[in-house]
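These are the residues of each chain, in order.
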Amino acid sequence: MNAIAPALIQKLQELPPKQIAEVEDFVEFLADRANKRAALDRMLSIAPALEAAGIPPLTEEEIAAEVKAARAVRRTQTGKE
């Protein structure tokens, strides 16, 4: 990364502000995608332990309810109703 950083910075400095904003959005997208993949990997890593413990998998309805509840909490925390 260190070898390409100066060249990348030079290219960024030559871009107009609108394209710099697009690059920033893309970098955030890549980071978010990596974070989501890491979270999925962590969740999948505990699946065998849950199965061995005899814990039944969630139904689609239960998953939807969990997502809805998490979104409601997030809206409350961010002030978006």
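See the structure above.
The rules behind the values
Residues numbered from 1 in each chain as written. Predicted model: local features only at pLDDT ≥ 70, side-chain atom pairs only at ≥ 80, totals over all residues. Heavy atoms only, no water. Helix = DSSP H or I, 4+ residues; strand = E, 2+ residues; numbered from the N terminus. Buried < 20%, exposed > 50% of the residue type's maximum accessible area, 1.4 Å probe, protein only. Areas by Shrake-Rupley, 256 points an atom, 1.4 Å probe, with all protein chains shown as cover. Salt bridge = Lys/Arg side-chain N within 4 Å of Asp/Glu carboxyl O. Expected span 1.5 Å × (residues − 1). Patch = residues over 30% accessible without salt bridge, like charges linked within 9 Å, V, L, I, M, F, W, Y side chains within 5 Å. Lys, Arg positive; Asp, Glu negative; His and termini not counted. Charge placed at Lys NZ, Arg CZ, Asp CG, Glu CD.

(A) Representation of the overall build of the protein chain. Check the secondary structure of the protein chain and you find three helices and zero strands. Secondary structure elements of the protein chain, listed N to C terminal, follow the sequence α-α-α. Expressed along its principal axes, the backbone C-alpha trace of the protein chain runs to roughly 55 × 35 × 20 Å. Evaluated residue by residue, the protein chain yields a buried proportion of 0% over its 81 residues. Working note: accessible area of the protein chain is about 7,500 Å², and carbon and sulfur atoms make up 62% of it.

(B) The environment of Ile63, seen in detail. In this fold, Ile63 is placed in helix α3 (residues 60–78). On the basis of relative accessible area, Ile63 is assigned to the partly exposed category, the value being 40%. As for Ile63 and Glu22, which are separated by 41 residues in sequence, their C-alpha atoms are 33 Å apart.

(C) Molecular detail of the pattern of salt bridges. Evaluated as defined, the whole model comprises two salt bridges. When the shortest N-O distance is used, the salt bridge between Asp32 and Lys36 registers 3.3 Å. Here the residue Asp32 and the residue Lys36 both occupy positions in helix α2 (residues 17–52), the gap between them amounting to four residues, near one helical turn. For Arg37, the salt bridge identified is with Asp41, shortest N-O distance 3.0 Å. Within this pair, Arg37 and its partner Asp41 are both found in helix α2, separated by four residues, close to a single helical turn. When its relative accessible area of 36% is taken as the criterion, Asp41 is described as partly exposed.

(D) Representation of α3 within the structure. Helix length check: α3 (19 residues) gives 27 Å between terminal C-alpha atoms against 27 Å at 1.5 Å per residue, within 8%. Taken from the residues just after α3, Gly79 is the one with a positive phi, measuring 80°.

(E) Inspection of a negative patch on the surface at higher detail. Residues Glu22, Glu24, Asp25 and Glu28 make up a contiguous surface patch of negative charge. On the accessibility criterion, Glu24 (46% relative accessible area) is partly exposed.

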